[in-house]
Amino acid sequence: MHTAVLGSGSKGNSVYIEMEGMHILVDAGIGVRRVMKGLKEIGVTPDMLSAVFLTHEHTDHVKGLGPLLRATEATVYTRPGTLEALPKRKELPEERLEVIHDEMKLGPLTVKAFSTLHDAADPVGYSFYGSNSKCTLATDLGFITSSVQSAIDGSDVLVLETNHDPAMLKRGSYPWPLKQRILSNRGHLANEEAAWALVHMKKRPKKLFLAHLSEENNRPELAKETVERVLREQGAASPTMEITVARQNDMDFWCE
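The structure contained in this document is the topic of the report that follows. Here the structure is a predicted model, which is why all the values come from computation and not from measurement.

1. Re unusual backbone geometry
Phi at glutamate 20 takes a positive value of approximately 50°, unusual for a residue other than glycine. Within the element layout of this structure, glutamate 20 appears in the loop between β2 (14-19) and β3 (22-26). In this structure glutamate 20 comes out as partly exposed when scored by relative accessible area, which is 39%. Within the chain, histidine 212 stands out as a residue other than glycine whose phi angle is a positive 60°. Take histidine 212: it is sitting in the loop between β12 (207-211) and α9 (220-233).

The structure is reproduced here in structure tokens:
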């Protein structure tokens, strides 16, 4: 299994996953040139990409979709509500837009979509199951629901949101309505909230990417330190779990 976070943050998000010979992107919120450059660095050509799974329709997750579809033969999968809400949908090839409800097969993989709390039409996270491995992406979370907690459990690789530090957010320059949105249960996940989700996992991942960090309301070292501190204090630290803070402008790669 290969996982590469090609870009993560408020300016654009995209994650590459390779499992059981399938080559997948989750979200297309960065430029197609950056996607292609990142894939080339790990030996993936455009014709190898078979699917793009969209979590929701916000710009930082879909703005590169049109150019990406023109550069590849990939099929897009997303929830019906997201499909209807996609910006510039009429410019996308209709025959390559498919709906995923709760579960589907993609070659040898099983893909499960799970609902998340976020201020979008029908937002989801995804779990990808191979014969002996599981990779889950859960970002843009206002709150860790029981279904999200269940979905992330047992993942070998987990991409989990650590968007902000509440104190930094409250002191920062964002207008109050935006602060309220981020702090709401349909906003974004704070560092410590992500840490508690990890504490409650029955089986923690081998590889953890801390993702979707705010450039103004968080710092990479703070996100990692907070997660590690909570895990340590709760007796849940795992010496076998490798933690990486995903970056906005650089690729972070992991291979099992």
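There's plenty left to go through after this.
2. Here we look at the environment of glutamine 248
Counting through the fold element by element, glutamine 248 comes out in the loop between β13 (242-245) and β14 (252-255). With 240 residues separating them in the primary sequence, glutamine 248 and serine 8 have C-alpha atoms 4.5 Å apart. Of the polar contacts made by the side chain of glutamine 248, one reaches the backbone nitrogen of lysine 11; its length is 2.9 Å.

3. Looking at the packing of aromatic side chains
Taken as a whole and judged by the stated rule, the model has four aromatic pairs. With a centroid separation of 5.0 Å and 20° between ring planes, the pair formed by phenylalanine 53 and tyrosine 77 is classed as stacked. Separated by 24 residues along the polypeptide, phenylalanine 53 in strand β4 (residues 51-53) and tyrosine 77 in strand β5 (residues 75-78) bring together distant segments of the chain. On the basis of relative accessible area, phenylalanine 53 is assigned to the buried category, the value being 0%. On the basis of relative accessible area, tyrosine 77 is assigned to the buried category, the value being 14%. With 5.4 Å between their ring centres and 80° between their planes, phenylalanine 53 and phenylalanine 128 make a pair best called edge-to-face. Of this pair, phenylalanine 53 sits in strand β4 while phenylalanine 128 is found in strand β9 (residues 124-129), placing the two residues 75 residues apart along the sequence. Phenylalanine 128 matches phenylalanine 53 in its accessibility class, with the two residues each being buried. Aromatic ring contacts, followed pair by pair, group Phe53, Tyr77, Tyr126 and Phe128 into a single cluster. A cation sits over an aromatic face here: lysine 112 above tyrosine 129, 5.0 Å from the ring centre.

Thresholds applied
Residues numbered from 1 in each chain as written. Predicted model: local features only at pLDDT ≥ 70, side-chain atom pairs only at ≥ 80, totals over all residues. Heavy atoms only, no water. Helix = DSSP H or I, 4+ residues; strand = E, 2+ residues; numbered from the N terminus. Buried < 20%, exposed > 50% of the residue type's maximum accessible area, 1.4 Å probe, protein only. Polar contact = N/O pair within 3.5 Å; in protein donor to acceptor, adjacent residues only side chain to side chain. Phe/Tyr/Trp six-rings, centres within 6.5 Å; stacked < 30°, edge-to-face > 60°. Lys NZ or Arg CZ within 6 Å of the ring centre and 35° of its normal.

Coordinates in, geometry out; function isn't part of it.
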